Each structure stands twice: as structure tokens, then as C-alpha cells.
Amino acid sequence: MSTDVVIVGGGVIGLSLAWQLAGQGRDVTVLDKQQTGREASWAGAGILPPGHSPGARTSFDQLRALSVGMWLEFSKQLLSETGIDNGYRHCGGLTVTLEDESCEAYRAEWMSEGVELEDLNGEGLRYHEPNLSEKIEDGFRLPNLCQVRNPRHLQALSTACRQRGVDLRCDEPVEQIMQADGRISAVKTRSGSLSADQFCFTAGAWTGRLLNASGYSLPIVPVRGQIVLYRTEKPLIRHVIEVGKRYLVPREDGRLLVGSTEEHVGYEKINTDLAIAELKKFAIKLIPTLKSVDVEKTWAGLRPMSQTGSPFLGLLPGIDNAYVAAGHFRAGLQTSPATALVMKQLMCGEEPSLNLQDFAINMTHVVESAS
Ligand SMILES: Cc1cc2nc3c(=O)[nH]c(=O)nc-3n(C[C@H](O)[C@H](O)[C@H](O)COP(=O)(O)OP(=O)(O)OC[C@H]3O[C@@H](n4cnc5c(N)ncnc54)[C@H](O)[C@@H]3O)c2cc1C
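Computed from a predicted structure; not experimentally measured. (Residues numbered from 1 in each chain as written. Predicted model: local features only at pLDDT ≥ 70, side-chain atom pairs only at ≥ 80, totals over all residues. Heavy atoms only, no water.)

Digging into the overall build of the protein chain
What the protein chain contains, in helices and strands, is 11 helices and 18 strands. Its C-alpha radius of gyration of 21 Å places the protein chain within 12% of the 21 Å reference for a compact globule of 371 residues. By principal-axis analysis of the C-alpha atoms, the protein chain measures approximately 65 × 45 × 40 Å. With 371 residues in all, the protein chain has 57% of them scored as buried. Summarising the internal contacts of the protein chain: among those between residues at least 6 apart in sequence, 73% fall at separations of at least 24. (Helix = DSSP H or I, 4+ residues; strand = E, 2+ residues; numbered from the N terminus. Rg over C-alpha atoms; globule rule 2.2 N^0.38 Å. Buried < 20%, exposed > 50% of the residue type's maximum accessible area, 1.4 Å probe, protein only. Contact = heavy atoms within 4.5 Å.)

Observations concerning the domain arrangement of the protein chain
Frequently, the measure chosen for interface size is the accessible area that the parts lose on association. In terms of domains, the protein chain is made up of domain 1 (2–85 + 150–219 + 307–370) and domain 2 (93–143 + 222–306). Spacing between the C-alpha centres of domain 1 and domain 2 amounts to 28 Å. Between domain 1 and domain 2, the contact holds 34 residues from the first and 30 residues from the second. For the domain 1 face of the interface with domain 2, the top three residues by lost area are Ile47, Phe329 and Arg330, together amounting to 27%. Glu113 serves as the salt-bridge partner of Arg64, at 3.0 Å between the closest nitrogen and oxygen. At the boundary of domain 1 and domain 2, one finds 15 residue pairs in polar contact (both at pLDDT 80 or more). (Domains from an automatic or database assignment. Buried area = accessible area lost by both parts, 1.4 Å probe. Salt bridge = Lys/Arg side-chain N within 4 Å of Asp/Glu carboxyl O. Polar contact = N/O pair within 3.5 Å; in protein donor to acceptor, adjacent residues only side chain to side chain.)

So, empty space enclosed by the protein
By the definition in use, this model includes 1 cavity of 30 Å³ or more. In this structure, the largest cavity spans a volume of roughly 30 Å³. By residue class, the composition of the lining of the largest cavity is 5 nonpolar, 2 polar and 1 charged. (1 Å grid on protein atoms, 1.4 Å probe; cavity = no way out; pocket = protein on both sides within 12 Å on 5 of 7 lines; lining within 4 Å. Points joined across faces, edges and corners; volume = space filled by probe spheres on them. Nonpolar A, V, L, I, M, F, W, Y, C, P; charged D, E, K, R; others polar.)

Some remarks on the site of the ligand
Surrounding the ligand, one finds 39 residues, the nearest of these being Asp32, Ser41, Ile47, Phe329 and Gln334. The contact in question runs from an oxygen atom of the ligand to an N or O atom on the backbone of Ile13, over 3.2 Å. The contact in question runs from a nitrogen atom of the ligand to an N or O atom on the backbone of Lys33, over 3.1 Å. Protein coverage of the free-state accessible area of the ligand, which is 1,000 Å², stands at 97%. Tallied by class, residues from the shell around the ligand come to 19 nonpolar, 15 polar and 5 charged. Counting only domains with at least three residues in the shell around the ligand, you end up with domain 1 (2–85 + 150–219 + 307–370) and domain 2 (93–143 + 222–306). (Near = heavy atom within 4 Å. Areas by Shrake-Rupley, 256 points an atom, 1.4 Å probe, with all protein chains shown as cover.)

Considerations on the packing of aromatic side chains
Under the counting rule described, the total for this entry stands at 5 aromatic pairs. Judged by centre distance (6.0 Å) and plane angle (50 degrees), the ring pair of Trp71 and Phe74 falls under tilted. Of this pair, Trp71 and Phe74 are both found in helix α4 (residues 71–82), 3 residues apart, which corresponds to roughly one turn of the helix. According to the relative accessible area criterion, Trp71 is buried, its value standing at 2%. On the numbers, 5.7 Å between centres and 35 degrees between planes, the contact of Trp206 with Tyr267 is tilted. (Phe/Tyr/Trp six-rings, centres within 6.5 Å; stacked < 30°, edge-to-face > 60°.)

Considerations on the pattern of salt bridges
The tally for this structure, following the rule as stated, stands at 28 salt bridges. Residue Asp138 pairs with Arg107 through a salt bridge whose shortest N-O separation is 2.9 Å. Within this pair, whereas Asp138 is found in strand β6 (residues 138–142), its partner Arg107 is found in helix α5 (residues 104–113), the two being separated by 31 residues in sequence. You can call Asp138 partly exposed: its relative accessible area is 27%. Between Asp253 and Arg255 there is a salt bridge, with the nearest N and O atoms lying 2.9 Å from each other. Through salt bridges with shared partners, a single network forms among Arg57, Asp61, Arg64 and Glu113.

Observations concerning the packing of helix α3 (residues 59–68) against helix α10 (residues 336–347)
Close contact between α3 and α10 brings their axes to 7 Å; oriented N to C, the two are set at 100 degrees. As judged from the angle between their axes, α3 and α10 are roughly perpendicular. Contacts from Leu63, Leu66 and Ser67 of α3 reach α10 at Ser336, Pro337, Ala338, Thr339, Leu341 and Val342. Tallied by class, residues from the contact of α3 with α10 come to 6 nonpolar, 3 polar and no charged. (Axes fitted to C-alpha atoms, helices over the stretch in contact; angles between N-to-C directions. Parallel < 35°, antiparallel > 145°, perpendicular 65-115°, else oblique.)

As for α4
Between its first and last C-alpha, α4 extends 16 Å over 12 residues, near the 16 Å set by a 1.5 Å rise per residue. Inspection of α4 places Trp71, Phe74, Ser75, Leu78 and Thr82 among the buried residues, and these make up the whole buried set. Viewed end-on, α4 has its buried residues packed into an arc of 100 degrees, placing them on one side of the element. Taken together, the buried residues of α4 touch α1 (12–23), β3 (47–48), α3, α7 (150–163) and α10. (Expected span 1.5 Å × (residues − 1). Arc of directions from axis to C-beta.)

Quick look at the layout of surface pockets
In this structure, the second largest pocket spans a volume of roughly 270 Å³. Every residue along the wall of the second largest pocket is listed here: Trp42, Gly44, Arg149, Pro151, Arg152, Leu229, Arg251, Arg255, Leu257, Glu296, Lys297 and Trp299. When residues of the lining of the second largest pocket are traced back to their parent elements, those giving at least two are α7, β15 (255–259) and β16 (295–306). Per element, the largest residue contribution to the lining of the second largest pocket is 3 residues, and it comes from β16. Both of domain 1 (2–85 + 150–219 + 307–370) and domain 2 (93–143 + 222–306) provide at least three residues apiece to the lining of the second largest pocket.

Structure, rendered in C-alpha cells:
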């Protein structure tokens, strides 16, 4: 069987790209080893931080800023195509100092990027969030921080992809990559082989391992993150509240996510008693009334961490029809719209909206990680 484009991995990156390419009239097939959108993209908290293109210092900041400008329209478009509300909301965020974990470095970073920010003392913080602990005295507000509900976004994306004619094939792990004459000719799954003009590998934390089978190993490793979910009758907070790398994310229906850990434990996607206890303790320090609230659920996901510090977006060196978009670590949801846009542009021979040099894969990456 043959198609225009095969995308390997149907997480938020693969599905957003499939949606973009199908919008250009391409025949697209997405292969996933299970149901689409059930790995990191499902597990994530859906925090969409603000951005500011003119102040963006790094290529990654540019990618985030480009995405920030796309989320509202993208969500409206998905709603009109599918009738599914992905939960994109302009909720705002508070970053606070908790005990010895200061918010000062984060304040300085946002300010140097020129992102709108409001300094707050304890009284100001509790004006916005009356349930915040009386012990918290320092912080700031990011009025333009937003959020999306990952499972709903993924559901909207896969529905929209199908409606645009994308062939979404679940339970079809790619087992082998066939090469001939400096190109990928086909990928093999247990139900046969599939050839295409172009291939894009968007297999998240599994991307390096998958490419390894063809002698290409990208330095992308899994980093486990655990989440605790509380549920209350009414929301206890409205803003996302962040302390360093940990956070509380409120949903409109009273659910409250508490995250997260960063654990280098390979592909072991489980919860541990210790991490869950620490996340609960953290949440109660911020919102003491959570002490009497039951936990509804816990889960874990594997973030795809690129060891270069940036995701890989571009061609595999030496192969002129194989692309990679992977390694987004803690930011794959927030940067997915712009990632899909620039990858679509690259794959369709258009000038990308961003300079992708800092995301390019060079021979050193693949050789060093393979050896
Ligand atoms: C706890 C947690 C909290 C997070 N919070 C946020 C947040 O608030 N904001 C944010 O922006 N990001 C967040 N992230 C990060 C974000 O979720 C990831 O960066 C993003 O989901 C990566 O998307 P992906 O499509 O590359 O990978 P994935 O979603 O992991 O998708 C990869 C897909 O490839 C498939 N696959 C793998 N191997 C094969 C194969 N051999 N053949 C076929 N298919 C294959 C998998 O089944 C999977 O569906 C969080 C992540 C975690 C775990």
C-alpha cells in the first residue's frame, strides 16, 4: 500500500501535523502502536504559558510565541470542524514563592522576555485566589497564561483528522524502517508494509528507540511525570498556580490536577506512593482546604526529553524523505500548533515561519547517540 505521507506516532505532535497536511490535500496515514493520543499528550497538564515574539531570546521561545498566537483560532477551528470543545481557556497563572523555593528567577525570565506580568504580595495573591494559604506572601500573575484539556484536545484532533480524510491506524506499531537509495521506502508493521513519498517520526519518547533499528538513534529519553487529580463540587481556584516546576491546574468542573515529578526511570509508566504523597503535601501547602478532599485518580506519563535541550524538527541527515518532530519534553502541548505548522511548511517545500536551524538534526546527534 502507498500514500503521500506516513506519520509514525499519533500524539499531539503527529495528529496536529496530520491535520495540517490533510488541510493541504495530502493523503496522510498515521500509525500508532495503540490508540492515538494515549501517551504523554494525554497525561500532560495542558498548561499553555504566554509568549512574546519580539522579546523571545531563543528559537524555542519563538516556537512558543508562535504557538501562543495560534491556540485560540486553532481551538475555534477544531470546534467548528468537530463540535468538540477542547477546553482551551484564558485562565491566567500565579507563580508564587513557597517556603525556600523562590519565584524570583521566573519573574526575571518573564520580564526579560517582555511578557505581561503583575507583581503581587500576599494580599494581592489572595484577592485573585482567596483559598491560597495565608503563608504565601510573594508572587506574580501572568494574565495571559492559558490551558487546554489534553484528552479533549486529542479527541478533537483525531476526529478532525478523520474528517479531513486522514487514515488513523491504531494498534499498528512500526517495527522496521526500510531504506533504499538514500530514502525510506516503507515502514513495516505486523499487518504489512506501507510505502510513502514522505515519512515523519513523531513517536515522542520512543522516537530514538524506533530509529535505532535503522542505525539512527536520536538522543531522546523518557522522563516520567506523575499527576494527582482531586475533585471538588466547585473549583477551589481559577488560576494555574506554579511553584518552580510543580503546579496546580484547575478545571471548570471542579477537578484539580497536581503535578509533577521529573524521574529518569526508563519506560516504567507507573505511580509511586512516595511521589503521590509528596504531590498531595505540596498541594495542601498551597490550598489548605484540599486536606479534606479525596483524590479521584492518579496517573503517570513519559515526556520525550531531547538531550540537546531543544526538540528535533527537520530532516534526518542523509535521508531526503524522512522527517522528525520529537523531543518536546515539558512543552509539547504548548508548542504543538507551531510545530505542526513549520513541519507542514518544511514538508510541502514552503518557507517555514521560523528559522529551524537550532532544531535541525545533524550527523553528530545521530552518530554520538548511536555509539
Ligand atoms: C505529567 C506530564 C505533564 C505535562 N504537562 C505539560 C503541560 O502542562 N504543557 C505542555 O505543553 N506539555 C506538557 N507535558 C509534555 C507533553 O505532554 C509532551 O511534550 C507531548 O505530549 C509530546 O507529544 P508527542 O506527540 O511528541 O508524544 P506522545 O504523546 O508520547 O505521542 C507519541 C505517540 O507515538 C506512539 N508510538 C511510539 N512508538 C511507536 C511505534 N513504534 N509505532 C507507532 N507508534 C508509536 C505512541 O503510542 C504515542 O501515541 C507534560 C507531560 C507529562 C508526562
